[in-house]
Amino acid sequence: QVQLVESGGGVVQAGGSLRLSCVASGDTPNSVAWFRRAPGNDREFVAATWPVTSTYYAESVKGRFTIWYDYPRKTIYLQMNSLEPEDTALYYCAARESTTWSTNPAWYYYWGQGTQVTVSS
């Protein structure tokens, strides 16, 4: 079992930055990802890392967002730079004890409650 708690969301102007954190407790997952859900939209893949050093990004955030996993601290970070109003969403951390990865939210077993990111124009 893995429990996930996100933090770091907030309100920022376009062009600004935020760093999200996701702390895992219980077992230590190898495959973790960030998803987001904007109002009226489905959950959207943002970035993934597995196990620990490999990464993959959605095209919409590539070059602006960075994901990394502090494995000893069981904390997953998402650094978001050059934020755009289109990045406004509830951001979720997801995890699974696996050595592979997926952009499909249904593949992940564990989810946090989410942290809100709002980017004003």
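So, here's what we can say about the structure. (Residues numbered from 1 in each chain as written. Predicted model: local features only at pLDDT ≥ 70, side-chain atom pairs only at ≥ 80, totals over all residues. Heavy atoms only, no water.)

## Remarks on the state of the cysteines
Here comes step 1: In the structure shown here, the tally under the stated rule is one disulfide.
Here comes step 2: Bridging Cys-22 to Cys-93, the disulfide has an S-S length of 2.2 Å. Its S-S torsion of approximately -80° makes the covalent link between Cys-22 and Cys-93 left-handed. Of this pair, Cys-22 sits in strand β3 (residues 18-26) while Cys-93 sits in strand β9 (residues 89-96), placing them 71 residues apart in sequence. Per residue, the accessibility class of Cys-22 equals that of Cys-93, and both read buried. (Disulfide = S-S within 2.5 Å. Helix = DSSP H or I, 4+ residues; strand = E, 2+ residues; numbered from the N terminus. Buried < 20%, exposed > 50% of the residue type's maximum accessible area, 1.4 Å probe, protein only.)

## Comments concerning the pairing of strand β7 (residues 65-70)
Here comes step 1: Burial along β7 is one-sided: the face carrying Phe-65, Ile-67 and Tyr-69 is buried and the face carrying Thr-66, Trp-68 and Asp-70 is not.
Here comes step 2: Between β7 and the antiparallel strand that follows it, strand β8 (residues 75-80), lie four residues; Lys-74 among them carries a positive phi value of about 50°. (Pairing = 2+ DSSP bridges.)

## So, the sheet that holds β7
Here comes step 1: Pairing is antiparallel in the open sheet, where four strands are placed in the order β1-β3-β8-β7. Sheet topology places β1 (2-7) and β7 at the edges, where each strand pairs with a single neighbour. Between one strand and the next, the sheet's axes are offset by a mean angle of 15°, whatever the strand orientation.
Here comes step 2: One ladder, built from six bridges, connects β7 with β8; its direction is antiparallel. Bridge pairing in β8 places Asp-70 opposite Thr-75. (Axes fitted to C-alpha atoms, helices over the stretch in contact; angles between N-to-C directions.)

## Considerations on unusual backbone geometry
Here comes step 1: Its identity as a non-glycine residue notwithstanding, Lys-74 has a phi of 50°, on the positive side.
Here comes step 2: The buried category is assigned to Lys-74, whose relative accessible area is 19%.
Here comes step 3: With phi around 50°, Ser-82 is a residue other than glycine that occupies positive phi space.
Here comes step 4: Assignment of secondary structure puts Ser-82 in the loop between β8 and β9.

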